[in-house]
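# Architecture at a glance
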Amino acid sequence: MGTSLVKGQNGPVAAERVVVSVRTEAAVDLSALLVTESGTVRSDADFVFFNQPVAPGVELTSATPAALAISPAALPGEIAQVRAVLTLDDATDTFGRFAPPIATIADERGNMLYEYVIEGLGAESVVIALELYRRGAQWKVRAVGQGYAGGFAALVTDHGVVVDDEPGPSQSADPTPAPPLAPTPPSEVAAADSAARLTSHPRAAVAGASPSATVPASESVPMPAAVGDPGSALAQANRSLVPDVRTVPGEAKLSFEKRTVLDLRKREVAKVLIDKDALGVRARVVLVIDKTGSMVKQYRKKVVHRVVERMIPVATQLDDDGTLEAYLYALSYTRLPDIAVADADRWSETYLHLSGTHAGIDYTGLGGRNDELPIMRAVIDTLRPGDRPTLVLFFTDGGFAKKQEIAALMREASRLPAFWQFVGLGQANYGLLRSIDEMDGRLVDNAGFFALDDIDRVDDAQLYTRLLGEFPQWLRAARAAGVTS
């Protein structure tokens, strides 16, 4: 008898070859996405499905029901995860009409290793069931159960697979495109493409192999404490909605172009919150940015300026005031003025520096090397058990040297109402951060980490999915433990 998993739970995979299969009363297709650390495929060859059943280390068998045979040791070194995807044959159908599907993992002799009953599905027609992921030299399995409100095309496009819509019966195969409203910069085209995927999408056919994708108003109703119940009628209804985004003070002062990009990004944030049954959650949003000497390239090229710009939509959808509480740190830290929508550009030019004195702040005095303990302690000291939740977005290029002290702080912080999302910027050695979500001795799992070698090559849908993917899960666990309200 295998181990039963619940959503978010993981376990080790020691077998040289495992078989992923599914039991369900619905007619489904099984497929797999082989993704890198950035969460995207390297090319369309990393998408395994009925028309392309083999990739290095992964094979879709022709048995009934279909199964994925995965040999972790044969997977390319760039591949960090293999995600098993279930798609209903009828794209107009939903998983909520059927009994929960059951995903299983067995070894090659048929011995059951894990079983996951994917409960809480509603209006989705596609779901990531499980993922095998690399943890150092080992492989593990995680129960995901993430449905996509935008359907099959939204899922694969979010993972970097290029798709072509199949023309419907009354559609011309070569429709005349509508003229563009105005020329649009490439980065905003990526945002617009992402927004278009928010509505349900008919089944799509994979295009010829090509590289993975590159860069680029109304107040929503607050959700009750029962938001954590993914099977509730409210949660199921939320999944079927086109995201309803919040508008915050100051947006009207933006240019039309900036308001358009902001709105598209807010919709991507709302889409993630809907998928995670967290639409309407309110949380304080804290932004911490590394200002050590090793970050000079990120400052010179204004990468950190673009980080600020792309974090603002998160605050608009989560924070009561729609603002970011901001800090810079090195050996010590400084609290900066909050970042509001209307003055983000001016704020970045005024406060994002590595040295000198600007707006009365001695940046040189903060130091040029990193010590995370003072800034982490400062944030922790603002938290009280039972307070509203806080989301800490912590951008750094690594170098966390005081591992034992940081681990002790994270264990202490696990009893306080904050989730720490660490994000690595640039190609660096992140050490402790890569294993922070496996740290023991914590009341709840209160931290996550992912690295972005080049944030400008990650589109908004991918960025916000990774940035917010674990926060709702922490929130449910923290509420259950009495850590937050």
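Taken in spatial order, the six strands line up as E2-E13-E12-E9-E4-E5 in an open sheet, and their pairing is antiparallel. Of all the strands in the sheet, just strand E2 (10–13) and strand E5 (47–48) have a single pairing partner and so form its edges. With four bridges connecting them, E2 and strand E13 (residues 138–147) associate as antiparallel partners. In the strand pairing of E13, Gly11 is matched with Val141.

Turning to the sheet that holds strand E7 (residues 58–60), a few remarks are in order. Across the sheet, which stays open at both edges, the seven strands sit in the order E1-E11-E10-E3-E8-E7-E6 with mixed pairing between neighbours. Only two strands of the sheet have a single neighbouring strand rather than two, namely strand E1 (3–5) and strand E6 (54–55). With six bridges connecting them, strand E3 (residues 18–23) and strand E10 (residues 102–107) associate as antiparallel partners. Note that in E10 the partner of Val22 across the bridge is Ala103.

A few words on the environment of Asp90. For Asp90, the location among the structural elements is in the loop between strand E9 (81–88) and E10. Remark: the alpha-carbon pair of Asp90 and Ala27, spanning 63 residues in sequence, is separated by 7.9 Å. Among the polar contacts made by the side chain of Asp90, one reaches the side chain of Thr92 at a distance of 2.6 Å.

What follows is about the packing of aromatic side chains. Any pair of aromatic rings gets described here by the distance separating the centres and the angle formed by the planes. Tallied over the full model, the rule gives nine aromatic pairs. Consider the rings of Phe419 and Trp474, whose centres lie 6.2 Å apart with planes at 45°: the pair is tilted. With Phe419 in strand E22 (residues 418–425) and Trp474 in helix H11 (residues 471–480), this residue pair connects regions lying 55 residues apart in the sequence. The pair formed by Phe419 and Trp474 is uniform in burial state, with each residue classed as buried. Linked through ring pairs, Tyr329, Phe394, Trp420 and Phe422 together constitute an aromatic cluster. Across from the ring centre of Tyr133, 4.1 Å away, lies the NZ or CZ of Arg142, which sits over that ring.

Here we take up the packing of helix H8 (residues 372–380) against helix H9 (residues 403–413). Where H8 meets H9, the axes come as close as 10 Å, and the angle between the chain directions of the two elements is 10°. Here H8 is positioned roughly parallel relative to H9, judged by the angle of their axes. For the pair H8 and H9, the contacting residues are Glu372, Leu373, Met376, Arg377 and Ile380 in the first and Glu405, Ile406, Leu409, Met410, Glu412 and Ala413 in the second. Considering only residue class, the contact of H8 with H9 consists of seven nonpolar, no polar and four charged.

Take the pairing of E10 next. E10 sits mainly inside the fold: six of its six residues count as buried. The two faces of E10 match: Ile102, Thr104 and Ala106 on one face and Ala103, Ile105 and Asp107 on the other face are all buried. In terms of strand pairing, E10 meets strand E11 (residues 112–117) through five bridges, oriented antiparallel. Bridging from a neighbouring strand, Ile102 pairs with Val117 of E11. Turn length for the E10-E11 hairpin, with the two strands adjacent in sequence and antiparallel, is four residues, and the turn residue Gly110 shows positive phi of about 90°.

By the criterion of burial, helix H1 (residues 151–158) is predominantly enclosed, with eight of the eight residues buried. For H1, every residue scored as buried is listed here: Gly151, Phe152, Ala153, Ala154, Leu155, Val156, Thr157 and Asp158.

On to the packing of helix H4 (residues 256–275) against helix H10 (residues 460–468), then. In helix packing, the relevant descriptors are the interaxial angle and the interaxial distance, both defined with respect to the helix axes. Look at H4 against H10: their axes get within 9 Å of each other, and the N-to-C directions meet at 45°. Relative to H10, the element H4 lies oblique. Read as a crossing pair, H4 and H10 show a hand that is right-handed. Contacts between H4 and H10 pair Arg265, Glu268, Val269, Val272 and Leu273 from the former with Asp460, Ala461, Tyr464, Thr465 and Leu468 from the latter.

Structurally, Ser125 is set in the loop between E11 and strand E12 (126–135). A relative accessible area of 12% means that Ser125 is categorised as buried.

With that settled, consider H9. Inspection of H9 places Ile406, Ala407, Leu409, Met410 and Ala413 among the buried residues, and these make up the whole buried set. Down the axis, H9 shows its buried residues gathered within 160° of arc, on one side only. Summarising the contacts, the buried residues of H9 are in contact with H8, E22 and strand E23 (447–452).

A separate point is the environment of Gly386. Position of Gly386 among the secondary structure elements: in the loop between H8 and strand E21 (390–396). Given a relative accessible area of 36%, Gly386 falls into the partly exposed group. In this structure, the C-alpha to C-alpha distance between Gly386 and Leu416, residues 30 residues apart in sequence, is 7.7 Å.

Of note in the backbone geometry, Asp277 takes a positive phi value of approximately 55° without being a glycine. In this fold, Asp277 is placed in the loop between H4 and strand E16 (284–290). Overall, the relative accessible area of 4% leaves Asp277 in the buried class.

On inspection of all chains with the given rule, the structure shows 26 salt bridges. With its nearest N and O atoms 2.5 Å apart, the salt bridge here joins Arg142 to Glu131. Of the two residues, Arg142 sits in strand E13 while Glu131 sits in strand E12, which places them 11 residues apart along the sequence. Neither Arg142 nor Glu131 differs from the other in exposure class; each is buried. Between Asp320 and Arg388 there is a salt bridge whose closest N-O contact spans 3.3 Å. With Asp320 in the loop between helix H6 (303–318) and strand E17 (324–329) and Arg388 in the loop between H8 and E21, the pair connects residues that are 68 residues apart, well separated along the chain. Its relative accessible area of 43% is what places Asp320 among the partly exposed residues. Several salt bridges share partner residues, and in doing so they unite Arg265, Glu309, Arg310 and Asp460 into one network.

Each value, and the rule that gives it
- Residues numbered from 1 in each chain as written.
- Predicted model: local features only at pLDDT ≥ 70, side-chain atom pairs only at ≥ 80, totals over all residues.
- Heavy atoms only, no water.
- Pairing = 2+ DSSP bridges.
- Helix = DSSP H or I, 4+ residues; strand = E, 2+ residues; numbered from the N terminus.
- Polar contact = N/O pair within 3.5 Å; in protein donor to acceptor, adjacent residues only side chain to side chain.
- Phe/Tyr/Trp six-rings, centres within 6.5 Å; stacked < 30°, edge-to-face > 60°.
- Buried < 20%, exposed > 50% of the residue type's maximum accessible area, 1.4 Å probe, protein only.
- Lys NZ or Arg CZ within 6 Å of the ring centre and 35° of its normal.
- Axes fitted to C-alpha atoms, helices over the stretch in contact; angles between N-to-C directions.
- Parallel < 35°, antiparallel > 145°, perpendicular 65-115°, else oblique.
- Contact = heavy atoms within 4.5 Å.
- Nonpolar A, V, L, I, M, F, W, Y, C, P; charged D, E, K, R; others polar.
- Left-handed = near helix turned anticlockwise from the far one by under 90°.
- Arc of directions from axis to C-beta.
- Salt bridge = Lys/Arg side-chain N within 4 Å of Asp/Glu carboxyl O.

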